Amino acid sequence: MTVPVPATRKAAEPLSYPPGSLVVITGLPGAGKSTLLSRLYALTGTETAPVQAGGVTVIDSMQSRLRWASALAWAPKRVRTAVVFATHVRRIRAALRRGESVVAHNRGCGPLVLRAFARLARRAGAGFHLLVLDVPAEAAVAGQHARGRVVRARTFARHRRHCAALLARARSGDPAPAATVQVLDREAAGRLPGIRFE
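The notes below deal with the structure included here. (Residues numbered from 1 in each chain as written. Predicted model: local features only at pLDDT ≥ 70, side-chain atom pairs only at ≥ 80, totals over all residues. Heavy atoms only, no water.)

## A word on the overall build of the protein chain
Each helix and strand counted, the protein chain has seven helices and eight strands in total. Computed over C-alpha atoms, the radius of gyration of the protein chain comes to 16 Å, within 12% of the 16 Å expected from 2.2 N^0.38 for 198 residues, which places it in the range of a compact globule. Along the first, second and third principal axes, the C-alpha atoms of the protein chain reach 45 × 40 × 30 Å. Sorting the 198 residues of the protein chain into buried and exposed places 47% on the buried side. (Helix = DSSP H or I, 4+ residues; strand = E, 2+ residues; numbered from the N terminus. Rg over C-alpha atoms; globule rule 2.2 N^0.38 Å. Buried < 20%, exposed > 50% of the residue type's maximum accessible area, 1.4 Å probe, protein only.)

Here it is as structure tokens:
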């Protein structure tokens with residue numbers, strides 16, 4: 001069922017999804033996706049594998065990055081990025097196939113990647129939902145500097161175009177490729193008390 005999408009969410013109340021769903025948190029690099037996951041699920045940022053927290057499987061791409069950090073230290077960045085992303089997707093697919101409720105990180109709003117997540121969920125018989133962090137580009141860039149991983153200007157511009165298109169569709173009532181989309185500004189993300197599967 002396609003659910004109309006509201007404007008940017010302000011209320012401090014938990015988000016609720018059916019059990020066994022895939023909820024992907026997306027937005028600009030530096031928007032605060034990993035920060036939100038860390039706050040909600042007490043992640044330390046040193047994990048190298050998905051975390052089980054309150055019946056939810058939490059999968060941050062940083063977990064895959066740290067998993068391969070030593071083994072692929074010699075490899076070009078392009079190779080490291082590809083291996084990390086493949087590991088991240090494989091972990092999400094495995095959790096969905098086990099019937100687990102999954103909250104996962106996605107680096108940006110690229111349509112091809114989001115459609116791939118939708119296919120993963122569909123093949124596992126799971127619902128696919130998006131949680132988009134809508135922050136100004138300047139705040140996202142500041143977030144990149146704060147974490148010490150700054151995206152190249154050309155890459156960031158592409159992310160901005162993709163996220164703007166996703167937000168425009170969401171606010172018009174079109175959540176595709178997800179079943180639902182929730183949009184949170186930075187203040188609302190900071191006040192979000194939890195994500196429930198019930």
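## Comments concerning the environment of V102
As for its position among the elements, V102 is in strand 5 (residues 101-105). On the basis of relative accessibility, which here comes to 0%, the residue V102 falls in the buried class. Beyond its immediate chain neighbours, meaning those up to four positions away, V102 contacts S21, L22, V23, T57, I59, A95, L96 and F197. (Contact = heavy atoms within 4.5 Å.)

## Re the pairing of strand 6 (residues 128-134)
For strand 6, the buried fraction is high: six of the seven residues fall into the buried class. With six bridges joining them, strand 2 (residues 22-27) and strand 6 adopt parallel strand pairing. Considered in strand 6, the bridge of V23 is made with H129. (Pairing = 2+ DSSP bridges.)

## Observations regarding the packing of helix 3 (residues 77-97) against helix 4 (residues 111-123)
Packed helices, taken two at a time, are described by the angle their axes make and the gap between the axes. Two elements in contact, helix 3 and helix 4, have axes whose closest approach is 10 Å; the angle formed by their N-to-C orientations is 30°. One element, helix 3, and the other, helix 4, form an angle in the roughly parallel class. In terms of crossing hand, the pair formed by helix 3 and helix 4 is right-handed. For the pair helix 3 and helix 4, the contacting residues are F85, V89, I92, R93 and L96 in the first and V113, F117, L120 and A121 in the second. (Axes fitted to C-alpha atoms, helices over the stretch in contact; angles between N-to-C directions. Parallel < 35°, antiparallel > 145°, perpendicular 65-115°, else oblique. Left-handed = near helix turned anticlockwise from the far one by under 90°.)

## Quick look at the side chain of H105
Here H105 shows up in strand 5. On the basis of relative accessibility, which here comes to 7%, the residue H105 falls in the buried class. A distance of 3.0 Å separates the side chain of H105 from the side chain of S61, its partner in a polar contact. Beyond its immediate chain neighbours, meaning those up to four positions away, H105 contacts I25, K33, S34, L37, I59, D60, S61 and H88. (Polar contact = N/O pair within 3.5 Å; in protein donor to acceptor, adjacent residues only side chain to side chain.)

## Considering the sheet that holds strand 4 (residues 56-59)
Whether parallel or antiparallel, the strands of a sheet pair through hydrogen bonds between backbone atoms. Sheet architecture is open: six strands sit in the order 3-4-5-2-6-7, paired in mixed fashion. At either margin of the open sheet sits one strand with a lone partner, and together these are strand 3 (51-53) and strand 7 (180-185). Averaged over all neighbouring strand pairs, the angle between strand axes comes to 20°, with direction disregarded. The sheet contacts of helix 6 (residues 153-171) involve strand 2, strand 6 and strand 7, and relative to strand 6 the element is tilted by about 115°.

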